[in-house]
Amino acid sequence: AEEVGGGDKEVVREYFTNDGFQRWKKIYGDTDDVNKVQLDIRIGHAKTVENVMKMLTDEGSLQGVSVCDAGCGTGLLSIPLAKEGAIVSASDISASMVSEAQKQATEELQGRDNIQMPKFEVSDLESLNGKYDTVVCLDVLIHYPQNKADGMIAHLASLAENRLILSFAPKTLYYDLLKRIGELFPGPSKATRAYLHSEADIERALQKVGWKIRKRGLTTTQFYFSRIVEAVPA
Ligand code: SAM
């Protein structure tokens, strides 16, 4: 995994294991100790999850379909996927995130009929292997510059048999966003940068490995922007 990540990746891992974990657990949770910006991001992200679930289920039932949720965070996508009958392999670079996701999934899914618990694993996405019908990677690319993102996309595509769904912060809104994006990573200790990606760059990275975009979506709230693309083998 050397060619992808490198120094950035260690910073990201550290962030999402400690301070970033606390911060994002709150944003992705349901308690009301969040500020206005955090609440807006929570709502925006929930819309992204909803849009992705719709994209997936529009193509047919997820019953028995294997799905890799790369960079699963607190499990906000893995849990609804499991509820739809998918066989979910969820992983994240942060052990804190993985144990939180495991806890949430156990609370919501344990003992429910006909639901298979997601399989959780601590792993950076570059180290994942195996084959899945569908690979999904939501709101992870924001942590990587385009030159690293290309390798990530190539690797994720190599794991997917039929479908790859990615979401990222679109660069077209860059100037509009610049001021606001700082809100995502405030404070002096947050070395993590937010990287925006142009849709054309993502499309090129997919094309390079023989994939094409079939569907596009966009989620926007005041402080949250996420472009969703669904790619299939060309
Ligand atoms: N995908 C989840 C969701 O949408 O609810 C979480 C999104 S959160 C903004 C980004 C997540 O990506 C964090 O949990 C972080 O630990 C994880 N992450 C960042 N870089 C990663 C990498 N190289 N491999 C795996 N996970 C990574």
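Nothing here was measured: the structure is a model prediction, and the numbers come from that model. (Residues numbered from 1 in each chain as written. Predicted model: local features only at pLDDT ≥ 70, side-chain atom pairs only at ≥ 80, totals over all residues. Heavy atoms only, no water.)

Draft legend 1. Broad picture of helix 3 (residues 36-58). Here helix 3 spans 33 Å end to end across 23 residues, near enough to the 33 Å set by a 1.5 Å rise per residue. The N-cap of helix 3, judged by a side-chain oxygen 3.0 Å from the amide nitrogen of Val 37 a few residues on, is Asn 35. Gly 60 lies just past helix 3 and shows a positive phi near 130 degrees. (Helix = DSSP H or I, 4+ residues; strand = E, 2+ residues; numbered from the N terminus. Expected span 1.5 Å × (residues − 1). Polar contact = N/O pair within 3.5 Å; in protein donor to acceptor, adjacent residues only side chain to side chain.)

Draft legend 2. Spotlight on the packing of helix 2 (residues 19-27) against helix 3. Interhelical geometry of helix 2 versus helix 3 gives an angle of 70 degrees and a closest axis separation of 9 Å. Taken together, the axes of helix 2 and helix 3 lie roughly perpendicular to each other. Taking contact as the criterion, the partners of Arg 23, Trp 24, Lys 26 and Ile 27 in helix 2 are, on helix 3, Gln 38, Ile 41 and Arg 42. Across the contact of helix 2 with helix 3, the residue classes break down as 3 nonpolar, 1 polar and 3 charged. (Axes fitted to C-alpha atoms, helices over the stretch in contact; angles between N-to-C directions. Parallel < 35°, antiparallel > 145°, perpendicular 65-115°, else oblique. Contact = heavy atoms within 4.5 Å. Nonpolar A, V, L, I, M, F, W, Y, C, P; charged D, E, K, R; others polar.)

Draft legend 3. Region of interest: the site of the ligand. Around the ligand, a shell composed of 21 residues is seen, among which His 45, Gly 71, Asp 92, Leu 125 and Leu 138 lie nearest. Glu 126 places a polar side-chain atom, nitrogen or oxygen, 3.3 Å from a nitrogen atom of the ligand. When isolated, the ligand has an accessible area of 600 Å², and the protein chains bury 99% of it. The dominant element in the shell around the ligand, judged by the number of residues it contributes, is helix 1 (residues 7-17), at 3 residues. (Near = heavy atom within 4 Å. Areas by Shrake-Rupley, 256 points an atom, 1.4 Å probe, with all protein chains shown as cover.)

Draft legend 4. Fine view of the environment of Trp 24. Take Trp 24: it is sitting in helix 2. Judged by relative accessible area, Trp 24 falls into the buried class, the value being 8%. (Buried < 20%, exposed > 50% of the residue type's maximum accessible area, 1.4 Å probe, protein only.)

Draft legend 5. Representation of the sheet that holds strand 6 (residues 211-220). Taken in spatial order, the 7 strands line up as 3-2-1-4-5-7-6 in an open sheet, and their pairing is mixed. Across the chains shown, the open sheet's two edge strands, defined by having one partner strand only, are strand 3 (119-122) and strand 6. Taking each pair of neighbouring strands and ignoring which way they run, the sheet shows an average axis angle of 15 degrees. Here 9 bridges tie strand 6 to strand 7 (residues 225-233), and the two strands are oriented antiparallel to one another. From the neighbouring strand, Arg 216 faces strand 7, where its bridge partner is Val 229. Strands strand 2 (87-92) and strand 3 of the sheet are contacted by helix 5 (residues 95-109), whose axis makes an angle of about 165 degrees with strand 3. (Pairing = 2+ DSSP bridges.)

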